[in-house]
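# Structural description and commentary
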2 protein chains.
Amino acid sequence: MYSKELLKGTLTAIILKLLADHEKMYGYEISQHVKELTGGKIHLKDGSLYPALQKMTADGLLSYKEEYIGKRVRKYYFLTKKGQKEKIAYLEELRDFIGTLNKIVFPQLKSI
Amino acid sequence: MYSKELLKGTLTAIILKLLADHEKMYGYEISQHVKELTGGKIHLKDGSLYPALQKMTADGLLSYKEEYIGKRVRKYYFLTKKGQKEKIAYLEELRDFIGTLNKIVFPQLKSI
DNA sequence: TTTGATACATCATAATTCTATGTATATTCG
DNA sequence: CGAATATACATAGAATTATGATGTATCAAA
């Protein structure tokens, strides 16, 4: 696990990217997927993920529909039109930022 | 400029890296250097930089000595032994994090 | 002489994630 | 069957950290 502050500002981009690739996912699924993808290095906590999904929904980036698996509810989130558009800007900013960081901190490496 | 949250957690690593390369720098110099290096994309604000330097000093990563240029004081910061050691871990963590992020968000690129 | 650059500082605010806690259902294993 | 674990959501308070606003003061250049 990384020092917690590093993740700041990247969570929205990560969620946007996953939903862009998967069409619909529920919260628990997202957290499991991220854990797998990163070999356990990024572990989204409940207290981070669910409020983030709610905020993104309030901001109009996401929408969801509930499905019942037996008696248990799942909220399947998906990108809205707005989310699809803003995803591009979010990821572009993140990519640019990562490139900039690399230039400062690891100048011996080729920038991505 | 990036959305401010992106910078979180990276400022300490950036400062450690610059001081590792330059032996001693003062605050204003650091902010100018970062601005130049990044083509203005990262602009450390006074209200971010000076408290960060103070905190890192309190944490034992940095030390400084004052020099007078005319009547104006400059605080030249430099890495302590502890700072030199921890710099390695900080940068390694950052590098690993960037690599992990890339794998999630830009899987089509080769990881760095 | 006045503007902008240099050089430091602090405080209240904002934004975001985490910890802790809670509720409840489903599955697996001894 | 019963207990432990996994699934699935949620919220509230705490912690962290960068920012904006503001302040002080010196120096160089126009």
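This text gives an overview of the structure that appears in the document. (Residues numbered from 1 in each chain as written. Chains lettered and ligands numbered in written order. Predicted model: local features only at pLDDT ≥ 70, side-chain atom pairs only at ≥ 80, totals over all residues. Heavy atoms only, no water.)

### Focus on the packing of helix α1 (residues 11-22) of chain B against helix α4 (residues 81-105) of chain B
Residue and element names in this part refer to chain B. Look at α1 against α4: their axes get within 9 Å of each other, and the N-to-C directions meet at 125°. By the angle between their directions, the pair α1 and α4 is classed as oblique. Both α1 and α4 take part in a crossing whose hand is left-handed. Contacts from Thr12, Ala13, Leu16, Lys17 and Ala20 of α1 reach α4 at Gly83, Lys87, Tyr90, Leu91 and Leu94. Classifying every residue of the contact of α1 with α4 by side-chain character gives six nonpolar, two polar and two charged. (Axes fitted to C-alpha atoms, helices over the stretch in contact; angles between N-to-C directions. Helix = DSSP H or I, 4+ residues; strand = E, 2+ residues; numbered from the N terminus. Parallel < 35°, antiparallel > 145°, perpendicular 65-115°, else oblique. Left-handed = near helix turned anticlockwise from the far one by under 90°. Contact = heavy atoms within 4.5 Å. Nonpolar A, V, L, I, M, F, W, Y, C, P; charged D, E, K, R; others polar.)

### Regarding the nonpolar core
With 60 residues, the main nonpolar core has Ile15(A), Leu62(A), Ile15(B) and Leu62(B) as its most contacted residues. With residues near it in sequence (within four places) discarded, Ile15(A) still touches Leu49(A), Ala52(A), Leu53(A), Met56(A) and Leu62(A). (Core = buried A, V, L, I, M, F, W, Y, C linked by side-chain atoms within 4.5 Å. Buried < 20%, exposed > 50% of the residue type's maximum accessible area, 1.4 Å probe, protein only.)

### Some remarks on the pairing of strand β2 (residues 62-69) of chain A
Residues and elements named next belong to chain A. Strand direction decides the pairing type here: β2 and strand β3 (residues 72-79), joined by eight bridges, are antiparallel. In the sheet register, serine 63 faces β3, and the bridge partner there is phenylalanine 78. Two successive antiparallel strands, β2 and β3, enclose a turn made up of two residues, where glycine 70 displays a positive phi of approximately 65°. (Pairing = 2+ DSSP bridges.)

### Topic: the relation of the copies chain B and chain A
Under the fitted operation, chain B is carried onto chain A by 0.0 Å of movement along the axis and a turn of 180°, and the coordinates agree to an RMSD of 0.1 Å. Here the symmetry operator amounts to a two-fold rotation axis. When C-alpha positions in chain B are compared against the rotation axis, the closest is assigned to Lys8(B), at 3.0 Å. Of all interface residues in chain B, 100% are interface residues in chain A too; the two copies therefore contact each other through one and the same surface. (Least-squares fit on C-alpha atoms with pLDDT ≥ 70 in both.)

### With respect to the interface of chain B and chain A
Counting residues at the interface gives 32 residues for chain B and 32 residues for chain A. With both sides pooled, the region where chain B packs onto chain A buries about 3400 Å², and carbon together with sulfur makes up 73% of that total. Asp96(A) serves as the salt-bridge partner of Lys41(B), at 3.1 Å between the closest nitrogen and oxygen. On inspection of chain B and its partner chain A, the count reaches six residue pairs in polar contact (both at pLDDT 80 or more). Every element with two or more residues in the side of chain B that touches chain A is listed here: α1 and α4 of chain B. Per-element accounting of the side of chain B that touches chain A gives the leading share, 12 residues, to α4(B). (Buried area = accessible area lost by both parts, 1.4 Å probe. Salt bridge = Lys/Arg side-chain N within 4 Å of Asp/Glu carboxyl O. Polar contact = N/O pair within 3.5 Å; in protein donor to acceptor, adjacent residues only side chain to side chain.)

### Considering the side chain of Ser31(A)
On the secondary structure map, Ser31(A) appears in helix α2 (residues 27-37). Each residue touching Ser31(A), except ones within four places of it in the same chain, is listed here: Leu44(A) and Leu49(A).

### Looking at the pattern of salt bridges
Summed over all chains, the structure comprises 10 salt bridges over all chains. Here Lys55(A) and Asp59(A) are joined by a salt bridge, their closest N and O atoms 2.8 Å apart. Look at Asp59(A) and you get partly exposed, because its relative accessible area is 34%. A salt bridge links Glu67(B) to Lys24(B), with the nearest nitrogen and oxygen atoms 3.1 Å apart. Of this pair, Glu67(B) sits in strand β2 (residues 62-69) while Lys24(B) sits in the loop between α1 and β1 (25-26); the two residues are 43 residues apart in sequence, bridging distant segments of the chain. Assessed through its relative accessible area of 27%, Glu67(B) is described here as partly exposed.

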